[in-house]
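A closer look at the structure
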Amino acid sequence: MTKNEIAAVLEEIGMLLELEGENPFKTRAYQNGARALEAMEGAEFETRVAAGTLGELKGFGEALVDKITKLQAATEPTGLEFYAKLRARIPDGLVALLEVPSLGPKKIKALREQLGVESPEQLEAACKAGRVAGLVGFGEKTQTKLLEGLANRAAYGKRHLWWDAAAVAGPIVAGLRALPQVRRAEAAGSLRRGVETVGDLDFIVAADAKDAGAVAAITEWFCAQEGVKEVTARGETKASVRFASGLQADLRIVPTEQFAFALHHFTGSKDHNVAMRQRALARGLSLSEWGLVPDAGEGTAKEKAERGLSLNAETEADLFAHLGMGFVPPELREAMGEIEAASLPRLIELGDLRGAFHNHTTESDGRNTLAEMAAAAHALGWDYLGIADHSKASFQAHGLDEARLAAQVAAIRALNASGKAPLRIFSGVECDILPDGRLDYDDATFDELGLDYVVVSVHSAMTQSEDDMTRRIIRAIEHPRATMLGHATGRILLRREGYKVDLAKVIDAAIANRVIIELNAHPNRLDLDWRWWRRAAERGLMCAINPDAHETVGLAHVAEGVRVARKGWLTREQVLNTRDVAGVERWFRERR
Ligand code: DGT
Ligand code: CA
Ligand code: CA
Ligand code: ZN
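Residues numbered from 1 in each chain as written. Chains lettered and ligands numbered in written order. Predicted model: local features only at pLDDT ≥ 70, side-chain atom pairs only at ≥ 80, totals over all residues. Heavy atoms only, no water.

What about the overall build of the protein?
In terms of helices and strands, the protein carries 24 helices and 16 strands. With respect to the principal axes defined by its C-alpha atoms, the protein has extents near 90 × 65 × 45 Å. Expressed as a percentage of the 592 residues in the protein, the buried residues total 51%. Within the protein, counting contacts between residues at least 6 apart in sequence, those at least 24 apart form 67% of the total. Working note: accessible area of the protein is about 27,100 Å², and carbon and sulfur atoms make up 51% of it. In the protein, 74 positive and 85 negative side-chain charges are present, and the distance between their average locations comes to 1 Å. (Helix = DSSP H or I, 4+ residues; strand = E, 2+ residues; numbered from the N terminus. Buried < 20%, exposed > 50% of the residue type's maximum accessible area, 1.4 Å probe, protein only. Contact = heavy atoms within 4.5 Å. Areas by Shrake-Rupley, 256 points an atom, 1.4 Å probe, with all protein chains shown as cover. Lys, Arg positive; Asp, Glu negative; His and termini not counted. Charge placed at Lys NZ, Arg CZ, Asp CG, Glu CD.)

So, the nonpolar core
Inside soluble globular proteins, nonpolar side chains tend to come together where they are buried. Membership of the largest hydrophobic core comes to 66 residues, with the highest contact counts inside it found for Ile-473, Leu-485, Ile-517 and Ile-545. The residues touching Leu-485, leaving out its near neighbours within four places in the chain, are Ile-433, Val-455, Val-456, Ile-473, Ile-477, Val-506, Val-515, Ile-516, Ile-517 and Glu-518. By size, the runner-up hydrophobic cluster in this structure holds 44 residues, among which are Val-49, Leu-80, Leu-111 and Val-132. (Core = buried A, V, L, I, M, F, W, Y, C linked by side-chain atoms within 4.5 Å.)

Digging into the domain arrangement of the protein
By domain assignment, the protein separates into domain 1 (3-90), domain 2 (93-151), domain 3 (160-254), domain 4 (267-332) and domain 5 (350-591). A straight line from the C-alpha centre of domain 1 to that of domain 2 covers 29 Å. Between domain 1 and domain 2, a total of about 700 Å² is buried, with carbon and sulfur atoms accounting for 79% of that surface. In terms of surface lost to domain 2, no three residues of domain 1 exceed Met-15, Glu-18 and Leu-19, which account for 66% of the buried area on that side. Counting the contacts that link domain 1 with domain 2 gives 0 salt bridges. (Domains from an automatic or database assignment. Buried area = accessible area lost by both parts, 1.4 Å probe. Salt bridge = Lys/Arg side-chain N within 4 Å of Asp/Glu carboxyl O.)

Structural notes on the packing of aromatic side chains
Overall, the coordinates contain 11 aromatic pairs when judged by the stated rule. On the numbers, 6.4 Å between centres and 10° between planes, the contact of Tyr-30 with Phe-82 is stacked. Residue Tyr-30 is found in helix H2 (residues 24-39), and its partner Phe-82 is found in helix H5 (residues 81-89); the two are separated by 52 residues along the sequence. Of the residues examined, Phe-82 reaches a relative accessible area of 31% and is grouped as partly exposed. An aromatic cluster of three or more residues is present, and its members are Phe-357, Tyr-384, Phe-426, Tyr-453 and Phe-588. Here the guanidinium or amino end of Arg-28 rests over the ring plane of Phe-25, the centre of that ring lying 5.9 Å away. (Phe/Tyr/Trp six-rings, centres within 6.5 Å; stacked < 30°, edge-to-face > 60°. Lys NZ or Arg CZ within 6 Å of the ring centre and 35° of its normal.)

Observations regarding the sheet that holds strand E10 (residues 355-356)
The 7 strands lie next to each other as E10-E11-E12-E13-E14-E15-E16, forming an open sheet whose pairing is parallel. Whereas interior strands pair on both sides, the edge strands pair on one side only; in this sheet they are E10 and strand E16 (543-546). Examined bridge by bridge, E10 and strand E11 (residues 384-390) share 2 bridges and lie parallel to one another. Its bridge partner being in E11, Ala-356 is matched across the sheet by Leu-385. Packed on one face of the sheet, helix H24 (residues 581-591) meets E11, strand E12 (424-432) and strand E15 (516-520) and runs near 35° to E12. (Pairing = 2+ DSSP bridges. Axes fitted to C-alpha atoms, helices over the stretch in contact; angles between N-to-C directions.)

See the structure below:
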């Protein structure tokens, strides 16, 4: 372990001992030791540990030196038996309490001894019952503050759906670009890479670095953004803020000539950056957020860049070109082959979509009528809209029985024939896959209905074993009427894991049966996950990017589906809803 990692462990040991009621001299020794380590030069630390002379320094008693030496040789804190045992003795909930703002070891100890509180949940209950206010040293005010702290802890610890984060980031980028002092501005980080959940926002801005007034004005504007609840850090060229939702955002202002390098660095991913740096080193270059400088010679990369030794990069494309690469779209920067690839595919774009298949109306659990959905799809410039309401087993979603579905199919047919439909409507259904893998309508019904297509989805018995679930889904895929599989794992991001299923087998079955797997574009699904798509599509799996819209505004979610499809290296040829009406009709016909 490194010096700073060891310091963090000592700090933690101090707190854990204090939780246990150990005497303050002992606990303070660990905390002082941590601080002394942090202040020490890395080289001196290495030398002293190797030579066994750490104990010569003031404050480093024998017991402390022994622990530091053991931690230095270990790869993780539990390599130190003393730590492992200490940590095992203390309930996780108690350790979690240390994260609650304004709660230290002393107060936690009092809460535990007097109220039996051993977790944040128990603390919340005790506060709500008014039992905390009565304790000596607490009071009404502290109780209120603790409740606030608990709520914040839940919100701040959280990641955020990409769609929600993008809604916050969009206006900020636009606002930054509109400032007279700003030359260029972009959102970087996981948001720019299109990752399904986002930890925090990262904004990179180019400005005249020598103009301190300009830099201050940009920071000022950023910190005054609507919804900012707290400015958590503020320097000359950096600032961090926290919004009421708990979402945090970092701003970095760089000189214009560094912009492409900073944008690339803070877009990440970390693994992509590491691989890019290696590629640069192989060419005698050092790549960093400051520039691309010769590796040889005196000074750090930053100093070299400041001395004007960096290659020029107006754009990220220039940066990649210096390393003998074409532009790598941000969505691909996950160190999953994008650096080694001789050439990258032309990825699908939002403008390639001409319609979508999995959408609901008021007939089942949608909030808009068929006519309203059709008008909204037309407004998006689409050529067609597929309607797939729920089937009867999804009774909680007002699933359609045979008669209602037949009526809907007839209505759609009439609308198409009338010439009054703003675009072509395809009639489908989202048919439940029953627990044993049968579909929710019998074959005779399917024959009579004459649907254009069938989406098959799991909505019940989600706790089946992996074997059962895999067999169940494959049986549905093998049904001659199945056109596509809906939300392949049923996951709800940040809320629910997907059901247990052998996706490799499901994908094989889909390919073998020419069944499409959808990329459900709802911001909290994004299922099938992007990590599966590249391999699967290469082997012949067809994708459909489906918004699973339950109201007109939901149709726009396809934009996120396209981003995620790009992360999965998908081209327009691999996505059915880039085809025109005739192309889609042909696919459906060949499937039946
Ligand atoms: P997030 O915020 O958790 O969703 O994920 P990111 O990717 O936005 O990560 P973040 O905000 O911590 O940092 C933004 C980018 O900055 C990250 O993708 C790569 C770069 N970066 C940050 N820390 C490091 C690091 O220690 N090494 C390298 N090579 N790059 C880093
Ligand atoms: Ca981030
Ligand atoms: Ca960040
Ligand atoms: Zn569904």
